[in-house]
Amino acid sequence: MPELNGPVYASFLILGAANLVPWMTFLSLADYFAFRYGNNAMEFTFPAISTSVLVAVSALLLAVGSAFSFDVRIVPPTLAMALMMLTVPAIDVLVVSGSLTTEVAFPLTLLTVFVSALSSAVAQNSLYGLGGLLGEGVMQALQAGNGVAGVLSVALRAASKLGLPVALSMWVFCGAAALLVVLSVFGYRRVMVDPQIASAVYAAQFWRNSRAILRRAPLHTYLAQVRARAQACRPPRVDQEP
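Residues numbered from 1 in each chain as written. Predicted model: local features only at pLDDT ≥ 70, side-chain atom pairs only at ≥ 80, totals over all residues. Heavy atoms only, no water.

Undergrad: Describe in detail the packing of aromatic side chains, supporting the description with residues and values.
TA: Note on aromatic pairs: each is described by the distance of the centres and the angle between the planes. Using the criterion set out here, one finds four aromatic pairs in the structure. Their ring planes at 75° and their centres at 5.2 Å tell us that tyrosine 37 and phenylalanine 106 sit as a pair that is edge-to-face. Taken together, the residues tyrosine 37 in helix 2 (residues 30-37) and phenylalanine 106 in helix 5 (residues 102-134) connect sequence positions 69 residues apart. Like phenylalanine 106, tyrosine 37 is buried. Members of the aromatic cluster, joined through ring pairs, are Phe26, Tyr32, Phe33, Tyr37 and Phe106. (Phe/Tyr/Trp six-rings, centres within 6.5 Å; stacked < 30°, edge-to-face > 60°. Helix = DSSP H or I, 4+ residues; strand = E, 2+ residues; numbered from the N terminus. Buried < 20%, exposed > 50% of the residue type's maximum accessible area, 1.4 Å probe, protein only.)

Undergrad: Break down the environment of valine 166 for me, with residues and values.
TA: By secondary structure assignment, the location of valine 166 is in helix 7 (residues 166-192). Valine 166 sits in the partly exposed class, given a relative accessible area of 28%. With 133 residues separating them in the primary sequence, valine 166 and phenylalanine 33 have C-alpha atoms 9.5 Å apart. The residues contacting valine 166, other than those within four sequence positions of it, are Asp31, Tyr32 and Phe35. (Contact = heavy atoms within 4.5 Å.)

Undergrad: Which residues make up the packing of helix 1 (residues 6-28) against helix 6 (residues 136-161), and what values do they have?
TA: Helix packing for two helices is described by the angle between their axes and how far apart those axes are. At a closest axis distance of 6 Å, the pairing of helix 1 and helix 6 adopts a crossing angle of 40°. Comparing the axis directions of helix 1 and helix 6 gives the class oblique. Seen from above, helix 1 lies across helix 6 with right-handed handedness. (Axes fitted to C-alpha atoms, helices over the stretch in contact; angles between N-to-C directions. Parallel < 35°, antiparallel > 145°, perpendicular 65-115°, else oblique. Left-handed = near helix turned anticlockwise from the far one by under 90°.)

Undergrad: Explain a nonpolar patch on the surface residue by residue, including any values.
TA: A grouping of Leu79, Leu179, Val182, Leu183 and Phe186 is seen on the molecular surface, where their side chains present a nonpolar patch of about 470 Å² in accessible area. A per-element tally of the nonpolar patch places helix 7 first, with four residues. Inspection of the secondary structure assignment puts valine 182 in helix 7. (Patch = residues over 30% accessible without salt bridge, like charges linked within 9 Å, V, L, I, M, F, W, Y side chains within 5 Å. Areas by Shrake-Rupley, 256 points an atom, 1.4 Å probe, with all protein chains shown as cover. Salt bridge = Lys/Arg side-chain N within 4 Å of Asp/Glu carboxyl O.)

Undergrad: With reference to specific residues and values, describe the pattern of salt bridges.
TA: Tallied over the full model, the rule gives two salt bridges. Residue arginine 189 pairs with aspartate 71 through a salt bridge whose shortest N-O separation is 3.6 Å. Linking arginine 189 in helix 7 with aspartate 71 in helix 4 (residues 70-96), this pair joins segments that are 118 residues apart in sequence. For arginine 189, a relative accessible area of 42% translates into the label partly exposed. Its relative accessible area of 32% is what places aspartate 71 among the partly exposed residues.

Written out as structure tokens, the structure reads:
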């Protein structure tokens, strides 16, 4: 298992924190949703949508997740989470300007919840899959990040409400949360160029591809394809400083 240095551990901690932020965003904005839509329906619909999506996505990833690289399963869903957090303020602007009624805006907000939950579930399952591959240290960093996100989200929401109108405090909170999620993508890029981590991921992808080829190809074809895929999966060379 690769050893984690300080920057790599911090990057995984940020990744763990960022993955929990979208859940905390919708939970922490209960007062805003009650203010904007005149009811507390979001407090009941959000858990129902999020939990259902998490269960369905977890089952789907067990079946087909290994067919896609970690880059595909982590980076686009994470960026989608940031986009969904910025969609909430965008919907608010349309409602305030009169371009949307609250009767239309609320279903759009629920759609935002669905996409955010879908993206978060894909990224979360993939991050834990990566953690299982890289060892206990990575899993511990991801879990620590979850804990930090829970505390910081509550603190940030409390701070954003001090002396600010409800809608403006929502803007501040969603903007800061989206920024953290985007920064976590850079953290992911940082850890994936670490030589030890890149080698471990390469080895896992190599054996996974080898098993897939062996199941559907004769031996001579299998050996040729293994060589080709080994070259395609080879991590970029990282020059070590003297």
